[in-house]
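Survey of secondary and tertiary structure
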Amino acid sequence: MRGWIGLAIIGGIIYYFATETNKLDEPIEYVQTMFTTADKKVTSMTGTTIQRVDHKIPIIKEKIYERLSTIEIRELDGVFIDSDSITEFKEEYCSSSTRNHPVFSRDNLRFICDQI
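By convention here, each chain's residues receive numbers from 1 onward along its written sequence. Reporting in this predicted model follows two pLDDT cut-offs: at least 70 for local features of residues, and 80 or more for side-chain atom pairs to be given and counted; totals over whole chains, interfaces and linings ignore these cut-offs and use all residues. By convention in this description, side-chain values take in all heavy atoms of the structure and omit both hydrogens and water.

Some words on the overall build of the protein chain
Operational definition: Secondary structure elements are defined from DSSP: runs of H or I of at least 4 residues count as helices, runs of E of at least 2 residues count as strands, and each element is numbered from the N terminus. A 1.4 Å probe rolled over the protein chains alone gives each residue an accessible area, and that area as a share of the maximum for its type sets the label: buried under 20%, exposed over 50%, partly exposed in between. We call two residues in contact whenever any of their non-hydrogen atoms come within 4.5 Å of each other. Note on areas: Shrake-Rupley with a 1.4 Å probe; residue coverage comes only from the protein chains shown.
What the protein chain contains, in helices and strands, is six helices and zero strands. When the 116 residues of the protein chain are sorted by exposure, 18% land in the buried category. Counted over contacts in the protein chain with a minimum sequence separation of 6, partners at least 24 positions apart contribute 40%. When the accessible surface of the protein chain is summed, it comes to about 9400 Å², and 57% of that surface belongs to carbon and sulfur atoms.

Below is the structure:
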């Protein structure tokens, strides 16, 4: 029982420092820098890149494709190249309140933004 209480207190302290203060910003940045450096080293040594596989994208694509026209599907294929292109699309078209896209209808764009 004492172990659980101690664990809860430690978890509460970490949560407090992570959300209410900037005390953990430097260690988090350090760890992220280490991962970035390791990725660059692996890339330079092998010529390959580390890619995170997202298994949700094919499921989301199937849901969205059911609603779209052929032209819209081709346009969306250009968006679903990788996670960076999806992030760019979200920032450009999903974050604004106007939500206008040259290819997607307003309803389909809203649906796409809600799904991704």
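Comments concerning the confidence of the model for the protein chain
The condition that has to hold: Values of pLDDT, which run from 0 to 100, indicate the predictor's confidence residue by residue.
Of all residues in the protein chain, 87% have pLDDT values of 70 or greater, and the mean over the chain is 80. Across the protein chain, the secondary-structure element scoring lowest on mean pLDDT is helix H3 (residues 56-65), at 77, and the one scoring highest is helix H4 (residues 70-79), at 86.

Concerning a nonpolar patch on the surface
Here is the rule we go by: Candidates for patches are residues over 30% relative accessible area with no salt bridge; among them, like charges are joined within 9 Å and nonpolar side chains (Val, Leu, Ile, Met, Phe, Trp, Tyr) within 5 Å. A pair is scored as a salt bridge if a Lys or Arg side-chain nitrogen falls within 4 Å of a carboxyl oxygen belonging to Asp or Glu.
Nonpolar side chains collect at one region of the surface, where Ile-5, Ile-9, Ile-13, Tyr-16 and Phe-17 lie side by side and expose about 460 Å² of accessible area between them. Here Tyr-16 is to be found in helix H1 (residues 2-20). Since its relative accessible area comes to 44%, Tyr-16 is described here as partly exposed.

Here we look at the nonpolar core
Defined as follows: Buried Ala, Val, Leu, Ile, Met, Phe, Trp, Tyr and Cys residues form a nonpolar core when they are joined through side-chain atoms within 4.5 Å.
Among the nonpolar cores identified, the biggest contains 16 residues, and Ile-64, Leu-76, Phe-80, Phe-89, Phe-104, Ile-112 and Ile-116 are the most heavily contacted of them. Within the residue set of this core, elements represented by two or more residues are H3, H4, helix H5 (83-94) and helix H6 (106-115). Leaving out residues up to four positions away in the same chain, Phe-104 has contacts with Leu-68, Glu-72, Glu-75, Leu-76, Phe-89, Leu-109 and Ile-112.

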